Amino acid sequence: MKAEFWGINNLIMTQTTSPSLLITGATGNIGFELAKQLSAKGVAFRALVRSKEKAGELALLPGVELVTADLADPESLATALKGIRRAFLLTNSSEQAETLQNGFADAARSAGVQHIVKLSQLAAAADSPVRFLRYHAAVEQHIKAAGMAYTFLRPNLFMQGLLGFSSTISSKGMFFAAIGDARISLVDIRDIATVAVAALTAEGHESKVYTITGPEALTHAELAAQFSAILGREIRFVQVSPEDMRKSLIDVGFPLWQADGLIEDYAHYARGEAAAVSADVQTVTGQAPRNFNTFVKDYARAFS
């Protein structure tokens, strides 16, 4: 599989006159990382964007073909999906996410797409108390029912999510969450993207569900200790109540539905339900996932 991934399939895909691979969410953190890795491997791809003028660095990547479309507009989706055989599906976790993703799957099936790689979430389940996990499970089921090949990527909490605390870490030496001393096997989005590259460009990933975690499960106090050691100054983790965390999220502009979903997410983490460590990154890519120490070193400037 590994030789095929880096060799034959890569050659075939770079020789096609028009990309047969489409990615959504390409201007976001994971989507852009995926786009960079595809470009670096010489894989031509089409990126769905709302506005070409706002594509930024994405538009400069070798091998990218930008296409303007709206996930809420079936006609524009049909145009974007023309000639596509494999697609990567990612949207924001909004109140419309389930509807938009199901609509994309329907449009993809109608356009003849053979394989969807969907970014889901660890512990996605129809009966979960977490709204994000319920909608991901619903979309997974919808894709299965559509009859296309699928690969579901279920990552844990992103290490890069801590970049949202970069200003408080740099100015106040602290970050906060409603998580207590629960352990969580958080993962670097660069490893998520590498798994996605494999699933999109190599055979053998059909009908697979990959649990994507880092190599260790850490408490937030342990994260703070690693921050302190690498940054050379004390960084504290401050436990807050779910109510205070919700207020902070709303104060910085999160919509109510999304803020409440994040509180449900953190309650899930606090129950110790996201502590398991998976070997799927190593199995799929042949490389061990990055640990938190590596993440902090690589992003130290953002926290300084």
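Residues numbered from 1 in each chain as written. Predicted model: local features only at pLDDT ≥ 70, side-chain atom pairs only at ≥ 80, totals over all residues. Heavy atoms only, no water.

Undergrad: Before we move on, could you go through the pairing of strand E5 (residues 115-119) and cite the residues and values that matter?
TA: Every other side chain in a regular strand lies on the same face of the sheet, so the side chains alternate between the two faces. The buried count for E5 comes to five of five residues, which makes it a mostly enclosed element. Sheet topology note: the strand E4 (residues 86-89)/E5 ladder contains four bridges and is parallel. From the neighbouring strand, Phe-88 faces E5, where its bridge partner is Val-117. Between E4 and its parallel partner E5, the chain crosses via helix H5 (residues 97-111), and the hand of that crossover is right-handed. A crossover links E5 with its parallel partner strand E6 (residues 149-155), the connecting element being helix H6 (residues 131-146), and its sense is right-handed. (Buried < 20%, exposed > 50% of the residue type's maximum accessible area, 1.4 Å probe, protein only. Helix = DSSP H or I, 4+ residues; strand = E, 2+ residues; numbered from the N terminus. Pairing = 2+ DSSP bridges. Right-handed = clockwise from strand over helix to strand, strands pointing away.)

Undergrad: Which residues make up the environment of Ala-221, and what values go with them?
TA: Summarising the element assignment, Ala-221 is placed in helix H9 (residues 220-231). Ala-221 sits 16 residues away from Phe-237 along the chain, and the two C-alpha atoms are 5.6 Å apart.

Undergrad: Hey, could you go over the side chain of His-115 for me, with residue numbers and the actual values?
TA: Inspection of the secondary structure puts His-115 in strand E5. Since its relative accessible area comes to 3%, His-115 is described here as buried. Within the structure, the side chain of His-115 is placed 2.8 Å from the side chain of Thr-151, a separation counted as a polar contact. Residue contacts for His-115: discarding those within four places in its chain leaves Arg-85, Arg-86, Ala-87, Ala-149, Tyr-150, Thr-151, Ala-199, His-205 and Glu-206. (Polar contact = N/O pair within 3.5 Å; in protein donor to acceptor, adjacent residues only side chain to side chain. Contact = heavy atoms within 4.5 Å.)

Undergrad: Any chance you could break down the nonpolar core for me, citing the residues and the numbers?
TA: Core analysis: the biggest nonpolar cluster contains 63 residues, and Phe-104, Ile-116, Phe-175, Phe-227 and Phe-292 have the highest contact counts within it. Take this core: its biggest share by element is six residues, from H6. When residues no more than four places from it in sequence are discounted, the contact partners of Phe-292 are Met-159, Leu-162, Leu-186, Glu-216, Leu-218, Leu-223, Gln-226 and Phe-227. Counting residues in each nonpolar core, the second largest holds 36 residues, with Val-43, Leu-66, Ile-189 and Tyr-210 among its members. (Core = buried A, V, L, I, M, F, W, Y, C linked by side-chain atoms within 4.5 Å.)

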